[in-house]
Amino acid sequence: MSTVIAQIPHVATPPHRGVARTRNLTKTYGSVVALRNVDFELRRGELLALLGPNGAGKTTLVRMLLGQASPDSGRVAVFDADPRNEDMRYRVGAMLQVARVPETLKVREHIDLFSSYYPKPLPIAETLRIAGLEDLKDRRFGELSGGQRQRALFGISICGNPDLLFLDEPTVGLDVEARRLMWTQIRDLVSRGKTVLLTTHYLNEADALADRILVLQHGTIVAEGTPSEIKSRAIGKQVRFSSRLTLDEVRAIPGVLTAAANRQKFELQVQAAEPVVRELLNRDSWLSDLEVTSAGLEEAFLALTQNHHSNGSN
Amino acid sequence: MASTTFPANISVPQRSFWSLVEVFVKEAKYEILKNVRIPIYAISSIVFPLMFYVLFALVLGRGNPVTRSQTATYTLATLGTFGVMGVSLFGFGVSIAMERGQGWLQVKRASPMPLAAYFTAKLVSAMAFSGVIAILLATIGYAFGNVRLAPLQAAGLVGVLIAASIPFGSMGLALGYIARPNSAPPVVNLIYFPMSFCSGLWIPIFLLPHVFQQVARVLPPFHISQLALRAIGMSRDTASIGSHVQALVGFTFLFLGIAVVLYRRDEGQLYG
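Residues numbered from 1 in each chain as written. Chains lettered and ligands numbered in written order. Predicted model: local features only at pLDDT ≥ 70, side-chain atom pairs only at ≥ 80, totals over all residues.

Caption draft 1: Examining the overall build of chain A more closely. Of regular secondary structure, chain A possesses 10 helices and 14 strands. Out of the 314 residues belonging to chain A, those deemed buried represent 47%. Long-range contacts, defined here as pairs at least 24 residues apart, represent 70% of the contacts in chain A between residues at least 6 apart. (Helix = DSSP H or I, 4+ residues; strand = E, 2+ residues; numbered from the N terminus. Buried ≥ 20, exposed ≤ 12 C-beta atoms within 10 Å, placed from the backbone. Contact = placed C-beta atoms within 7 Å.)

Following this line, the structure appears as structure tokens:
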């Protein structure tokens with residue numbers, strides 16, 4: 001992997017404030033490394049977005065925080081305990097990606113059942129109201145649209161009045177309107193003091209909701225920061241060219257966020273193109289095939305995370 | 001395992017005994033409700049055994065009234081075993097495998113649901129459906145097949161067929177883990193019919209070739225059907241009740257052992 005990503009310094013936090021944390025967490029499935037030395041901390045009352053493309057390891061991380069998978073090495077703690085400890089679940093709610101939910105039970109029945117698992121659940125009417133399910137409560141799950149299903153799963157995740165909520169891609173497959181509605185509901189939870197870990201592969205979703213964003217790529221945290229910090233890096237320009245410069249020389253140029261090279265063809269992610277191009281031409285007057293493109297938000301984000309599996313050599 | 005265990009110092013409100021009972025009751029209630037509302041499940045698990053019974057025992061039964069009544073009584077036990085076997089293999093084993101494969105079990109396991117409540121609910125549902133099958137079969141046999149059972153015999157038959165959910169359910173559970181979630185339904189189907197035949201559920205075991213009679217002893221449905229036949233005084237097998245029960249207990253532990261080992265193997269895979 002010939003990509004270098006500029007490091008945003010980790011912000012130090014007092015350890016006792018962490019609701020969940022991992023240290024050097026590594027997990028492999030066969031020959032696939034799902035997570036590699038992941039260190040992160042979820043602070044009380046914040047909404048942390050775990051941002052990354054499919055296969056980056058987001059779901060694996062959530063599953064380990066839920067105690068549904070064991071680490072190969074490293075540590076994971078939720079409420080200062082091993083998440084495989086059953087008691088942790090009384091304080092946790094989870095909205096996971098699920099292919100199929102029993103379809104012949106009504107929304108109200110699902111919520112009634114899950115509420116019974118928790119010692120101090122929300123009143124069912126309250127859960128239905130928060131999740132926007134009042135009009136759907138007597139519908140069978142199988143009769144719901146995609147957005148309604150997600151809301152029902154959201155209702156199931158909050159009905160126990162948990163302190164910590166895991167939302168694994170809650171808006172995947174939703175249309176714009178349904179997504180906005182879900183965002184409103186998630187914001188409402190955070191304003192009630194809940195701690196939320198949200199995974200998403202939409203930068204605009206993380207931007208709209210999160211206090212902090214972790215960018216995960218190939219099982220490694222490649223960036224961490226506030227939405228504006230992450231965005232300022234993602235909204236940049238892409239610069240492509242051919243040059244005899246080495247990758248290290250190109251990386252050293254101020255303003256270069258990421259750099260990848262395949263033989264002599266380079267591809268850079270930069271904040272502003274002009275100073276970088278000026279510096280490049282200074283250093284290599286034979287530079288050719290220069291191309292500057294302005295990536296949109298999503299494209300730029302993809303460039304941040306999904307770079308260049310094929311560009312193995314430099 | 002390089003992971004370190006953190007001290008467990010979570011303070012949670014303790015669940016009272018009655019709230020735990022409530023969880024078990026609700027879980028079972030909704031499991032049954034869920035199944036009753038699936039037409040294909042209700043039909044295939046209840047109507048098919050009844051249809052087979054009407055066809056083989058009543059319509060195609062031959063001979064004089066006495067032998068016809070004996071056939072109707074004998075097949076009450078064997079086709080009853082066939083019916084409840086299907087309910088447990090699919091309603092318990094395959095159902096768990098499917099919910100595991102579809103991620104629903106993981107959603108439930110992320111909540112504080114006691115896992116025992118989940119399994120108990122599936123078992124209670126399978127037992128309820130089995131009881132319905134046994135009672136309907138016996139009623140049809142009484143009304144149209146001239147089957148005459150003493151109350152104790154009838155109760156024994158229904159009891160055996162309900163209890164059969166335990167060995168059959170554990171067999172379905174093990175098959176679900178051996179076959180992996182998505183291939184569980186075809187694999188169970190593939191095993192269900194041949195195993196029923198070899199256990200003497202379609203043709204009485206004493207009419208099958210000797211080799212079948214030997215093979216049948218390693219098949220759980222044979223032992224269930226023998227206990228059911230014993231309950232209604234139709235068994236020709238010389239083995240004691242205790243030996244059938246022992247075999248079934250052995251099978252149950254074997255299947256549960258297989259399921260536990262394979263569950264551990266699968267831990268952390270995409271399905272839990």
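Caption draft 2: Broad picture of the overall build of chain B. A tally of helices and strands in chain B yields 11 helices and zero strands. Since a compact globule built from 272 residues should have a radius of gyration of about 19 Å, the 20 Å found for chain B is in line with a globular shape. Residue burial in chain B is summarised as follows: out of 272 residues, 44% are buried. The long-range share in chain B, meaning contacts at least 24 apart out of those at least 6 apart in sequence, stands at 81%. (Rg over C-alpha atoms; globule rule 2.2 N^0.38 Å.)

Caption draft 3: The arrangement of the sheet that holds strand β8 (residues 195-200) of chain A in detail. All names here are of chain A. An order of β6-β7-β8-β4-β9-β10 is seen for the six strands of this open sheet, with the pairing classed as mixed. Of all strands in the sheet, those bounded by a partner on one side alone are β6 (92-95) and β10 (220-225). On average, each strand axis in the sheet is inclined to that of its neighbour by 15°, with strand direction left out of account. As paired elements, β6 and strand β7 (residues 164-168) share four bridges and run parallel to each other. Considered in β7, the bridge of Met95 is made with Leu167. Helix-sheet contacts for helix α1 (residues 58-65) involve β4 (47-51), β7, β8 and β9 (212-217), and the interaxial angle to β7 is about 150°. Against the sheet, helix α4 (residues 146-158) contacts β6 and β7, and its axis sits at roughly 165° relative to β6. (Pairing = 2+ DSSP bridges. Axes fitted to C-alpha atoms, helices over the stretch in contact; angles between N-to-C directions.)

Caption draft 4: Quick peek at the interface of chain B and chain A. In this complex, chain B contributes 34 residues to the contact, which on the side of chain A involves 40 residues. Only α1 (17-36) and α4 (104-110) of chain B provide two or more residues apiece to the side of chain B that touches chain A. Its residues assigned to classes, the side of chain B that touches chain A comprises 16 nonpolar, 10 polar and eight charged. (Nonpolar A, V, L, I, M, F, W, Y, C, P; charged D, E, K, R; others polar.)

Caption draft 5: Spotlight on the packing of helix α2 (residues 39-59) of chain B against helix α3 (residues 65-101) of chain B. All names here are of chain B. Interhelical geometry of α2 versus α3 gives an angle of 160° and a closest axis separation of 9 Å. In this view, α2 runs roughly antiparallel relative to α3, as classed from their interaxial angle. Here α2 runs over α3; the crossing is right-handed. Contacts between α2 and α3 involve Ser45, Pro49, Phe52, Tyr53, Phe56, Ala57 and Leu58 from the first element and Thr71, Ala72, Thr75, Leu79, Phe82, Gly83, Gly86, Val87, Phe90 and Gly91 from the second. The class makeup of the residues in the contact of α2 with α3 is 11 nonpolar, six polar and no charged. (Parallel < 35°, antiparallel > 145°, perpendicular 65-115°, else oblique. Left-handed = near helix turned anticlockwise from the far one by under 90°.)

Caption draft 6: Representation of the sheet that holds strand β2 (residues 18-29) of chain A. All names here are of chain A. Judged by pairing direction, the sheet is antiparallel, and its three strands sit side by side in the order β3-β2-β5 without closing on themselves. Edge strands, defined here as strands with exactly one partner in the open sheet, are β3 (32-43) and β5 (73-78). Averaged over all neighbouring strand pairs, the angle between strand axes comes to 20°, with direction disregarded. Sheet topology places β2 next to β3; eight bridges connect them, and they run antiparallel. Note that in β3 the partner of Gly18 across the bridge is Arg43.

Caption draft 7: Representation of the pairing of β4(A) within the structure. Residues and elements named next belong to chain A. Counting buried residues in β4 gives five out of five residues, a clear majority hidden from the surface. Here β4 shows a buried face lined by Leu47, Ala49 and Leu51 and a second buried face lined by Leu48 and Leu50. Across five bridges, β4 lies against β8 in parallel orientation. Looking across to β8, one finds that Leu50 is bridged to Thr199. One ladder, built from four bridges, connects β4 with β9; its direction is parallel. Residue pairing in the sheet places Leu50 in a bridge with Leu214 of β9.

Caption draft 8: Representation of the environment of B:Ala77 within the structure. Residue and element names in this part refer to chain B. Its location among the elements puts Ala77 in helix α3. Classification of Ala77 by C-beta neighbours within 10 Å gives buried; the count is 26. For the pair formed by Ala77 and Ile46, sequence separation is 31 residues and the distance between their alpha carbons is 15 Å. The residues touching Ala77, leaving out its near neighbours within four places in the chain, are Leu157, Ser225, Ala228, Leu229, Ile232 and Met234.

Caption draft 9: View of the confidence of the model for chain B. Residues and elements named next belong to chain B. Within chain B, residue pLDDT values average 89, and 93% of them lie at 70 or more. The model gives residues 1-9 a pLDDT under 50, and that stretch makes 18 contacts with residues more than four places away or in other chains. Both scores are given for the predicted complex: the pTM is 0.82, the ipTM 0.89. (pLDDT = per-residue confidence, 0-100.)

Caption draft 10: Region of the structure containing helix α9 (residues 273-283) of chain A. All names here are of chain A. If you check which residues of α9 are buried, you get Val276, Val277 and Leu280. Considered in projection along α9, the buried side chains sweep an arc of 95° and stay on one side of the axis. Exposed and oriented more than 90 degrees from the buried face of α9 are Glu274, Arg278 and Asn282. (Arc of directions from axis to C-beta.)

Caption draft 11: The arrangement of α4(A) in detail. Residue and element names in this part refer to chain A. Across its 13 residues, α4 extends 19 Å between first and last C-alpha, which sits within 8% of the 18 Å expected from 1.5 Å per residue. Counting buried positions over the 13 residues of α4 gives 10, a clear majority of the element. Along α4, the residues that are buried comprise Arg149, Gln150, Arg151, Ala152, Leu153, Phe154, Gly155, Ile156, Ser157 and Ile158. (Expected span 1.5 Å × (residues − 1).)

Caption draft 12: Representation of the environment of B:Gln70 within the structure. For B:Gln70, the position within the fold is in helix α3. Taking C-alpha positions, B:Gln70 is 7.5 Å from B:Val147, a pair spaced 77 residues apart along the chain.

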